[in-house]
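A structural walkthrough
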Amino acid sequence: MNWDDTGSEADATDPRLVDSVADGEDQAVEAALRPKDLEEFVGQEKVREQLDLVLRAARARGATADHVLLSGAPGLGKTTLSMIIAAEMGAPIRITSGPAIQHAGDLAAILSSLQEGEVLFLDEIHRMSRPAEEMLYMAMEDFRVDVIVGKGPGATAIPLELPPFTLVGATTRAGLLPPPLRDRFGFTGHMEFYEPAELERVIHRSARLLDVEIDPAGAAEIAGRSRGTPRIANRLLRRVRDYAQVKADGVITREIAAAALGVYEVDGRGLDRLDRAVLQALLKLFGGGPVGLSTLAVAVGEERETVEEVAEPFLVREGLLARTPRGRVATPAAWAHLGLVPPQQGQGGGTGSGQQGLFGP
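We now turn to the structure provided with this report. Note that the structure is predicted; figures quoted are calculated from it, not measured.

Describing the overall build of the protein
What the protein contains, in helices and strands, is 15 helices and 11 strands. Put simply, of all contacts in the protein between residues at least 6 apart along the chain, 71% involve residues at least 24 apart. Carbon and sulfur atoms provide 53% of the accessible area of the protein, an area that totals close to 16,400 Å².

Thoughts on the pattern of salt bridges
As a working rule, side chains carrying opposite charge can pair if their charged atoms are close by. For the coordinates displayed, the defined rule picks out 18 salt bridges. Asp 52 serves as the salt-bridge partner of Arg 56, at 2.8 Å between the closest nitrogen and oxygen. With a gap of 4 residues between them, Arg 56 and Asp 52 both fall in helix α2 (residues 45–61), about one helical turn apart. A relative accessible area of 22% places Asp 52 in the partly exposed class.

Here we look at the nonpolar core
If you look at soluble globular proteins, the nonpolar side chains tend to sit buried side by side. Formed by 42 residues in total, the largest nonpolar core has its most connected members in Leu 81, Ile 203, Ile 214, Ile 222 and Ile 252. At 7 residues, helix α9 (residues 230–247) tops the list of elements feeding residues into this core. Counting 24 residues, the second-largest nonpolar core is a separate cluster that includes Leu 69, Leu 107, Leu 120 and Leu 177.

Let's talk about the pairing of strand β11 (residues 327–330)
One ladder, built from 4 bridges, connects strand β10 (residues 321–324) with β11; its direction is antiparallel. For Arg 323, the partnering residue across the bridge sits in β11 and is Arg 328. From the end of β10 to the start of β11, which pair antiparallel, there are 2 residues.

A few points about the side chain of Gln 44
Following the sequence through the fold, Gln 44 ends up in the loop between α1 (24–33) and α2. By relative accessible area, Gln 44 is classed as buried at 8%. Within the structure, Gln 44 has its side chain in polar contact with the backbone oxygen of Glu 192 (distance 2.6 Å).

Examining the environment of Leu 120
Mapped onto the fold, Leu 120 is located in strand β3 (residues 119–123). Relative accessible area serves as the criterion here: at 1%, Leu 120 is assigned to the buried category. Distance in space between the C-alpha atoms of Leu 120 and Met 83 is 9.9 Å, their sequence separation being 37 residues. What Leu 120 contacts, discounting residues up to four positions off in sequence, is Arg 94, Thr 96, Ile 110, Leu 111, Leu 114, Thr 166, Leu 167 and Val 168.

Examining the sheet that holds strand β7 (residues 187–190)
Across the sheet, 5 strands lie side by side as β2-β3-β6-β1-β7; this open sheet has parallel pairing. Each edge of the open sheet is held by one strand with a lone partner, namely β2 (93–97) and β7. The mean inter-strand angle of the sheet, taken between neighbouring strand axes irrespective of direction, is 15°. As paired strands, strand β1 (residues 68–71) and β7 are joined by 4 bridges and run parallel to one another. Residue pairing for β7: Ser 71 is matched across the bridge by His 190.

What counts as what
Residues numbered from 1 in each chain as written. Predicted model: local features only at pLDDT ≥ 70, side-chain atom pairs only at ≥ 80, totals over all residues. Heavy atoms only, no water. Helix = DSSP H or I, 4+ residues; strand = E, 2+ residues; numbered from the N terminus. Contact = heavy atoms within 4.5 Å. Areas by Shrake-Rupley, 256 points an atom, 1.4 Å probe, with all protein chains shown as cover. Salt bridge = Lys/Arg side-chain N within 4 Å of Asp/Glu carboxyl O. Buried < 20%, exposed > 50% of the residue type's maximum accessible area, 1.4 Å probe, protein only. Core = buried A, V, L, I, M, F, W, Y, C linked by side-chain atoms within 4.5 Å. Pairing = 2+ DSSP bridges. Polar contact = N/O pair within 3.5 Å; in protein donor to acceptor, adjacent residues only side chain to side chain. Axes fitted to C-alpha atoms, helices over the stretch in contact; angles between N-to-C directions.

Keep in mind that these numbers describe shape and distance, not what the molecule does.
See the structure below:
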């Protein structure tokens, strides 16, 4: 079971059960459930194997591990891996985030207080300010920063030597990192979404730690609705546990899991109320599209950014919605998932051109 504490640029007030961003409750529970070493870490086989080699080699040389960049969607284990890196190297860890570092002086204060070999975890590194980013180049490469004292023609740069340290950067948008920063990382790992079988292992481990009785079919039911994300799997497990304690004998079976997640409006593919509202508007009001994002957002009563950043990524990944130059279009899988029949060619969209249906062939 692996997840991280990455922030989100989506609406922080959105209380979705299938949100991959951790809230206060999630963070408190995750602290107790995180794996402590690479052997315990479930999934991400390639990244785990490669990272194990990097850390073993560094320990054999008695050197500080190379800087590590971890990219991927929220909830896949970036923060967990950073803590494991520190544990494997027997070093302390300092945790901060890109949005918290708005000035070069903020970064200089953090770097100057690091101990030798310490791990600095910088979450959402792509959101760091440009002056701090430029200071980080020299710190990563030469373990030195230049602190500017004074202003104008009288300003002087005082070089400050830093002890060797390991920077672990995490980002949900690797494409926003400038090449000079990306190239200074000795190891880059991309976190993939989890397969259902891996999520079942995550759920069984979490259930043991939470003292929850769950059978294999119940774990499979939760895993199938978890969007390939361990954080979501653990959140769903806790809600199903609540339902099982109140409505049943506390044992999670497939039937109990399905009933509980039905109460929370999470369907068999992991879609929640917002996801289904977007699909229903696209299919029922606009014949499957194409339709513009702003129009679709108005139809579901949400902000444009909420639809684009919260609902669409999962719908696109599931093959239920496509983004085209003309607008959003539903796929045949979307019609099938909602049990609707797509209109015939020339009757208003879906399988053909929605504009032809409105203005003639």
